[in-house]
Amino acid sequence: MEGGIATQTLLLSQGYEPVKVISWRRAFTLLTLGKVEVLEEYDANVRTTTVVFKVPAVVRLLRAFRRPQKPVKFSRVNIYARDKYRCQYCGAKAPISDLSYDHVLPRAQGGKTTWTNIVTCCYRCNRRKGNRTPQQAGMRLRQKPLQPSWVPAVTIRISNRSIPDAWRDYLWWTSELSAG
Ligand SMILES: [Zn+2]
């Protein structure tokens, strides 16, 4: 097996959710360790010194996949994700490059840099609000900022064109598939 998408294996959780794309070698290692079962195979054979086997296309973890229950990292990007990339004042949705963040209670008035005092904000609203509270600026927050309890989900970004046929049944639900 040389290059190409057929050397990659889709790893599913026990619950059949795509977790990530791994190399077939990694998939084979997981298989020999008894950690996964093979759901789909490619036509290609691989020969090792001792065995010949079909290249696994889709494998499923046999045990529950536990995401580490760490608190969500406080970062600009996670603030944007929490706020769904929308300015929390005017509601405009924008790419990260066009977003800023705002201290609801301005730092000059003792506002802290925390989940509950930082919101996603477009540059225009940011300028308009300045060093004022929303009340002082006559602006209204769309929702109260909270510390998120979720862990950002693993997203698999692959274009439709490069998806092996063997994967399609397991990716049908994902909205990440682009028409590319
Ligand atoms: Zn705005």
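Draft legend 1. Just the overall build of the protein chain, in detail. Counting secondary structure elements, the protein chain contains five helices and six strands. When the helices and strands of the protein chain are listed from N to C terminus, the series reads β-β-α-β-β-α-β-β-α-α-α. In the protein chain, buried positions account for 38% of the 180 residues. For the protein chain, the share of sequence-separated contacts (at least 6 apart) that also reach a separation of at least 24 residues comes to 56%. Surface exposure of the protein chain reaches about 11,600 Å², of which carbon and sulfur atoms provide 49%.

Draft legend 2. Examining the nonpolar core more closely. Of all hydrophobic cores here, the largest spans 14 residues; its most connected members are Leu-10, Trp-24, Ala-57, Val-58 and Trp-167. With four residues, strand β4 (residues 52–61) is the single largest residue contributor to this core. Counting residues in hydrophobic clusters, the runner-up holds nine residues, among them Tyr-89, Cys-125, Ala-137 and Met-139.

Draft legend 3. Examining the packing of aromatic side chains more closely. Applying the stated rule across the entire model yields three aromatic pairs. Note on Trp-24 and Phe-53: the rings are 5.9 Å apart at their centroids and 55 degrees apart in plane angle, and the pair reads as tilted. Of this pair, Trp-24 sits in helix α1 (residues 24–32) while Phe-53 sits in strand β4; the two residues are 29 residues apart in sequence, bridging distant segments of the chain. Across this residue pair, the class does not change: Trp-24 and Phe-53 are buried.

Draft legend 4. Structural context of the sheet that holds β4. The strand order across the open sheet formed by four strands is β2-β1-β4-β3, and the pairing between neighbours is mixed. Every interior strand has two partners, whereas the edge strands, β2 (18–23) and β3 (36–47), have only one. Strand-to-strand twist in this sheet, taken as the mean axis angle between neighbours without regard to direction, amounts to 30 degrees. With three bridges connecting them, strand β1 (residues 8–12) and β4 associate as parallel partners. Opposite Leu-11, over in β4, you have Val-59 as the bridge partner. Those strands touched by α1 are β1, β2, β3 and β4, and its axis lies near 110 degrees from that of β2.

Draft legend 5. Quick look at the coordination of the zinc ion. Within the protein, the atoms that donate to the zinc ion are Cys-87 (SG), Cys-90 (SG), Cys-122 (SG) and Cys-125 (SG), at distances of 2.3 Å. One way to put it: the four donor atoms around the zinc ion meet at angles of 102 to 115 degrees, and that makes the site tetrahedral. One chain supplies every donor to the zinc ion, and in sequence these donors are spaced C-x2-C-x31-C-x2-C. Assessed through its relative accessible area of 37%, Cys-90 is described here as partly exposed.

Draft legend 6. Local environment of the side chain of Asp-102. Tracing the backbone shows Asp-102 in strand β5 (residues 99–103). We classify Asp-102 as buried; its relative accessible area is 4%. Polar side-chain contacts of Asp-102 include one of 3.1 Å to the side chain of Lys-129. Contact partners of Asp-102, with chain neighbours within four places excluded, come to Tyr-89, Asn-117, Ile-118, Val-119, Cys-121, Asn-126 and Lys-129.

Draft legend 7. A positive patch on the surface, seen in detail. A surface patch of like charges, here positive, comprises Lys-20, Arg-26, Lys-35 and Arg-63. When its relative accessible area of 44% is taken as the criterion, Arg-26 is described as partly exposed.

Rules used throughout
- Residues numbered from 1 in each chain as written.
- Predicted model: local features only at pLDDT ≥ 70, side-chain atom pairs only at ≥ 80, totals over all residues.
- Heavy atoms only, no water.
- Helix = DSSP H or I, 4+ residues; strand = E, 2+ residues; numbered from the N terminus.
- Buried < 20%, exposed > 50% of the residue type's maximum accessible area, 1.4 Å probe, protein only.
- Contact = heavy atoms within 4.5 Å.
- Areas by Shrake-Rupley, 256 points an atom, 1.4 Å probe, with all protein chains shown as cover.
- Core = buried A, V, L, I, M, F, W, Y, C linked by side-chain atoms within 4.5 Å.
- Phe/Tyr/Trp six-rings, centres within 6.5 Å; stacked < 30°, edge-to-face > 60°.
- Pairing = 2+ DSSP bridges.
- Axes fitted to C-alpha atoms, helices over the stretch in contact; angles between N-to-C directions.
- Donors = N, O, S within 2.8 Å, 3.2 Å for Na, K, Ca; no water.
- Tetrahedral: all angles 85-135°; square planar, octahedral: opposite > 155°, others 65-115°.
- Polar contact = N/O pair within 3.5 Å; in protein donor to acceptor, adjacent residues only side chain to side chain.
- Patch = residues over 30% accessible without salt bridge, like charges linked within 9 Å, V, L, I, M, F, W, Y side chains within 5 Å.
- Salt bridge = Lys/Arg side-chain N within 4 Å of Asp/Glu carboxyl O.
- Lys, Arg positive; Asp, Glu negative; His and termini not counted.
- Charge placed at Lys NZ, Arg CZ, Asp CG, Glu CD.

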